[in-house]
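Residue-level listing of the chains:
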Amino acid sequence: MSSFISKVKRTHYCGDLGISNAGETVVLMGWAHRRRDHGGVIFIDLRDRTGIAQVVFNPEKNAEAHAEAHKIRSEYVIAVKGTVITRLEGMENPSLKTGQIEVMAKSVEILNESKTPPFLLDTDTEISESIRLKYRYLDLRRQNIQDNLILRDKVASGTRNYLHDNGFIEIETPFLGKSTPEGARDYLVPSRVNPGSFYALPQSPQLFKQLLMISGFDRYFQIVKCFRDEDLRADRQPEFTQIDMEMSFVAEDDIINVIEGLMATIFKSALNLDLLPPFPRLAYAHAISRFGRDNPDTRFGLELVDLTDILKYSNLKFFSDTVSRGGIIKAIKLSEGRRLTRKDLDVLPGYVSDFGAKGLAWARVNESGWTSPIFKFLSPSEVQTINSRMEATPGDLIFFVADSHKIVHDSLGNLRLHLADKLNLVQPDSFSFTWITEFPMFEYSETEKRYMATHHPFTAPVQEDIPLLSTDPGKVRARAYDLVLNGSEIGGGSIRIHRSDIQSLVFKALELGDEEVRGKFGFFLDALEYGTPPHGGIAFGLDRIVMIMAGADSIRDVIAFPKTQKATCPLTEAPSPVSLAQLMELSLKII
RNA sequence: GGGGUCGUAGUUAAGUCGGUUAUAACGCCGGCCUGUCACGCCGGAGGCCGUGGGUUCGAGUCCCAUCGACCCCGCCA
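Note that this is a predicted model, so its numbers are computed, not measured. (Residues numbered from 1 in each chain as written. Chains lettered and ligands numbered in written order. Predicted model: local features only at pLDDT ≥ 70, side-chain atom pairs only at ≥ 80, totals over all residues. Heavy atoms only, no water.)

Engineer: For helix H13 (residues 405–422), give the residues involved together with the corresponding values.
Structural biologist: If you check H13, its first and last C-alpha atoms are 26 Å apart, about what 18 residues at 1.5 Å a residue would give, namely 26 Å. Residues of H13 that are buried include every one of Ile-407, Val-408, His-409, Ser-411, Leu-412, Gly-413, Asn-414, Leu-415, Arg-416, Leu-419 and Ala-420, and no others. Looking at the packing, one finds that the buried side of H13 touches helix H8 (284–291), strand E13 (328–334), helix H11 (342–353) and strand E16 (397–403). Asn-424, located one to two residues past H13, shows a positive phi value of around 50°. (Helix = DSSP H or I, 4+ residues; strand = E, 2+ residues; numbered from the N terminus. Expected span 1.5 Å × (residues − 1). Buried < 20%, exposed > 50% of the residue type's maximum accessible area, 1.4 Å probe, protein only. Contact = heavy atoms within 4.5 Å.)

Engineer: I'd love a proper account of the protein's contact with RNA strand B, names of residues and values included.
Structural biologist: Around RNA strand B, the structure places 51 residues, and the nearest of them are Glu-60, Met-91, Glu-230, Ala-453 and His-455. Taken together, the sugar and phosphate atoms account for 52% of what RNA strand B places within 4 Å of the protein. Interatomic distance of 3.3 Å between a backbone N/O atom of Ala-234 and a phosphate oxygen of RNA strand B. Taken together, the elements giving at least two residues each to the surface near RNA strand B come down to strand E1 (25–37), strand E2 (42–48), strand E5 (101–112) and helix H3 (129–134). Across the surface near RNA strand B, the residue classes tally to 13 nonpolar, 19 polar and 19 charged. (Near = heavy atom within 4 Å. Polar contact = N/O pair within 3.5 Å; in protein donor to acceptor, adjacent residues only side chain to side chain. Nonpolar A, V, L, I, M, F, W, Y, C, P; charged D, E, K, R; others polar.)

Engineer: Talk me through the pattern of salt bridges; I want residue IDs and the actual numbers.
Structural biologist: Applying the stated criterion to the full structure yields 39 salt bridges. Between Glu-75 and Arg-141 there is a salt bridge whose closest N-O contact spans 2.8 Å. With a gap of 66 residues between them, Glu-75 in the loop between helix H2 (63–70) and strand E4 (77–86) and Arg-141 in the loop between helix H4 (136–139) and helix H5 (143–165) connect regions that are remote in the sequence. Residue classification places Glu-75 among the buried positions, given a relative accessible area of 4%. Since its relative accessible area comes to 23%, Arg-141 is described here as partly exposed. For the salt bridge of Asp-253 with Arg-281, the shortest nitrogen-to-oxygen distance reads 2.8 Å. Of this pair, Asp-253 sits in helix H7 (residues 252–271) while Arg-281 sits in strand E11 (residues 281–283), and the two are 28 residues apart along the sequence. Ionic contacts of the salt-bridge type, sharing partners, join the residues Arg-132, Arg-136, Asp-139, Arg-142 and Asp-557 into one network. (Salt bridge = Lys/Arg side-chain N within 4 Å of Asp/Glu carboxyl O.)

Engineer: Summarise the sheet that holds strand E22 (residues 535–541); cite the residues concerned and give the values.
Structural biologist: Spatially, the eight strands line up as an open sheet ordered E6-E9-E10-E22-E21-E20-E17-E11, and their pairing is mixed. Whereas interior strands pair on both sides, the edge strands pair on one side only; in this sheet they are strand E6 (169–170) and E11. Bridge count for strand E9 (residues 219–227) against strand E10 (residues 239–248) is nine bridges, and the pairing is antiparallel. Bridge pairing in E10 places Lys-225 opposite Thr-241. In this fold helix H6 (residues 206–214) packs onto E9, E10 and E22, with an angle of close to 25° to the strand it touches most, E10. (Pairing = 2+ DSSP bridges. Axes fitted to C-alpha atoms, helices over the stretch in contact; angles between N-to-C directions.)

Engineer: Hey, could you go over the packing of H5 against helix H17 (residues 542–550) for me, with residue numbers and the actual values?
Structural biologist: The interhelical angle for the contact between H5 and H17, taken along N-to-C directions, is 125°, at an axis separation of 10 Å. In terms of axis orientation, H5 runs oblique to H17. For the crossing formed where H5 meets H17, the hand is right-handed. Only Leu-542, Asp-543, Val-546, Met-549 and Ala-550 of H17 make contact with H5, whose side of the interface consists of Asn-148, Leu-151, Arg-152 and Val-155. Partitioning the contact of H5 with H17 into residue classes produces six nonpolar, one polar and two charged. (Parallel < 35°, antiparallel > 145°, perpendicular 65-115°, else oblique. Left-handed = near helix turned anticlockwise from the far one by under 90°.)

Engineer: Outline the packing of aromatic side chains, supporting the account with residue identities and numerical values.
Structural biologist: Scanning the entire structure with this criterion turns up 18 aromatic pairs. Taking the centre distance of 5.6 Å and the plane angle of 45° together, the rings of Trp-370 and Phe-400 count as tilted. Pair noted here: Trp-370 is in strand E15 (residues 369–371) and Phe-400 is in strand E16, with a separation of 30 residues, a long-range link. Each member of the pair, Trp-370 as well as Phe-400, carries the same accessibility label: buried. Taken together, the ring pairs connect Phe-318, Phe-319, Trp-370, Phe-375 and Phe-400 into an aromatic cluster. Taking NZ or CZ as reference, Arg-416 lies 4.1 Å from the ring centre of Phe-300, over its face. (Phe/Tyr/Trp six-rings, centres within 6.5 Å; stacked < 30°, edge-to-face > 60°. Lys NZ or Arg CZ within 6 Å of the ring centre and 35° of its normal.)

Engineer: I'd love a proper account of the nonpolar core, names of residues and values included.
Structural biologist: Core analysis: the largest hydrophobic core is formed by 76 residues, its most contacted members being Ile-259, Met-263, Phe-433, Leu-483, Ile-490 and Phe-540. Of the residues forming this core, the biggest block, nine residues, is contributed by H7. (Core = buried A, V, L, I, M, F, W, Y, C linked by side-chain atoms within 4.5 Å.)

Here it is as structure tokens:
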């Protein structure tokens with residue numbers, strides 16, 4: 001039995017040691033990060049989750065420990081007992097938090113050996129993700145990933161503390177639930193004892209949290225996994241974590257106030273940053289009109305400007321024809337347009353074509369007019385009016401898109417982000433929150449040939465728009481709000497419908513049949529009839545918040561064991577086939 | 001479902017116009033080295049060039065297919 005662990009206990013974490021520990025005898029345990037063998041003296045950088053401390057093995061001072069240190073290789077697990085000494089002048093390492101001290105080893109024990117790791121565990125080299133995920137337990141030893149997960153813990157615990165302090169009660173809701181027709185594709189779980197029937201994993205605990213309001217819990221929250229079987233993105237995983245909450249007897253402002261307090265609290269506790277609520281609010285229609293998206297990044301300009309009225313009778317047929325077909329013309333202006341070369345301009349139409357734009361016109365503004373392929377088709381007064389509305393001055397570069405409402409906003413909204421990224425228009429480590437309000441209740445789906453809920457079908461309509469539910473659903477505004485941080489939707493919620501008659505009107509507007517509604521949501525409609533308090537709530541994507549706070553490029557960097565883009569786990573090799581016996585037990589057959 | 005980038009040693013990359021034995025750095029192994037901290041110096045091992053097919057006298061390089069990683073569109077109430 002090892003004398004370390006059983007008798008000699010760890011006294012300190014490596015990263016916590018400093019000048020104040022000088023002279024103390026300490027016991028450290030951790031991984032050999034690096035070994036520098038000088039033939040005589042050996043240095044070992046000992047690493048644990050707090051950081052690195054240099055351990056010195058001197059053959060003249062302790063031959064036995066020095067001999068043992070010879071055997072140590074990368075990632076060996078070792079225990080060291082030694083004395084903290086202040087490094088002599090000129091021997092400090094300023095790049096190390098503990099660089100003013102080192103530990104003179106008296107004894108050492110190799111607690112476990114390690115195979116040579118498949119990649120270096122430093123932060124400098126970028127290792128391909130498939131290898132990182134296959135050896136995720138090693139990848140997770142790396143400092144930056146550990147930092148991310150520690151930050152995540154701070155955000156989660158800060159959230160729990162804040163919400164408890166504000167009277168919220170954490171309540172768990174089922175993972176094995178009922179499949180719902182609206183929304184994302186469900187992950188299904190077959191029921192063994194009910195052959196042919198399936199549970200669905202929750203896309204969110206939406207109905208359960210509303211039921212908890214009906215039950216009188218008044219303020220509920222939960223930090224909980226949600227599941228959506230849709231294609232993955234850099235900021236989307238099939239299972240992700242929500243900060244989910246619901247409050248009774250509230251209106252929009254009550255929820256917004258609680259959330260602004262929550263954001264201020266976690267940014268303070270996790271990043272020591274002081275946010276300054278209230279956050280600006282922007283109506284959905286204005287967000288689309290000015291930024292082309294409902295999740296605008298407001299940290300830089302390049303706002304969309306409407307030129308439809310100026311160009312609707314233009315000699316440029318593409319412009320005038322677009323307008324006569326009901327389209328619009330908008331533009332964005334880039335200052336310092338010289339930063340884009342002619343070659344850059346040539347590839348941008350390809351970029352906006354992803355969003356359906358058939359073309360991208362551009363104009364370089366100069367003293368005498370424009371340098372632009374479309375200049376000769378425009379009248380001097382059109383050019384002048386555009387310059388004046390765009391507030392364009394020589395050197396600026398203007399981009400135009402003429403197309404349908406949706407394509408113009410999609411393409412310019414994304415071009416705006418693309419240019420900001422390419423030209424570094426955004427100051428890193430800056431955080432900009434915006435509430436988006438007054439969402440439309442419904443959006444018409446061309447594929448489904450019916451209206452779909454923008455938010456979800458339990459969102460309350462604005463009171464004065466209720467009559468429109470049966471006459472003109474497209475015009476109904478929802479009592480919904482999203483919180484956008486740096487151009488990412490990090491949370492969204494709404495005041496809910498608490499009357500069953502209104503809920504029925506909404507289902508009608510969605511053209512869901514009575515039978516289908518009864519079958520899928522009957523239990524909920526019943527519950528609404530037993531004294532439902534007015535209530536509302538919101539849910540946040542914890543992963544996304546942490547990702548933005550950490551400055552990570554991918555949501556996978558803030559999740560301990562994430563899935564690849566094909567929703568597999570290279571470490572465990574999930575998903576995998578199962579035995580015939582398992583299938584038979586579930587009454588399932590592979591087709 | 002669609003578009004794109006990529007796949008060469010354990011890792012990260014180079015590899016020209018198709019041409020002889022496929023390079024480098026780091027890592028690894030051995031030797032030397034008592035103050036380094038990405039230690040240094042000397043030596044060494046290490047390759048189904050993702051996989052399969054094709055073109056060619058000849059393929060890491062060209063073509064087709066396929067698998068995988070990533071980014072995007074669709075999708076994500």
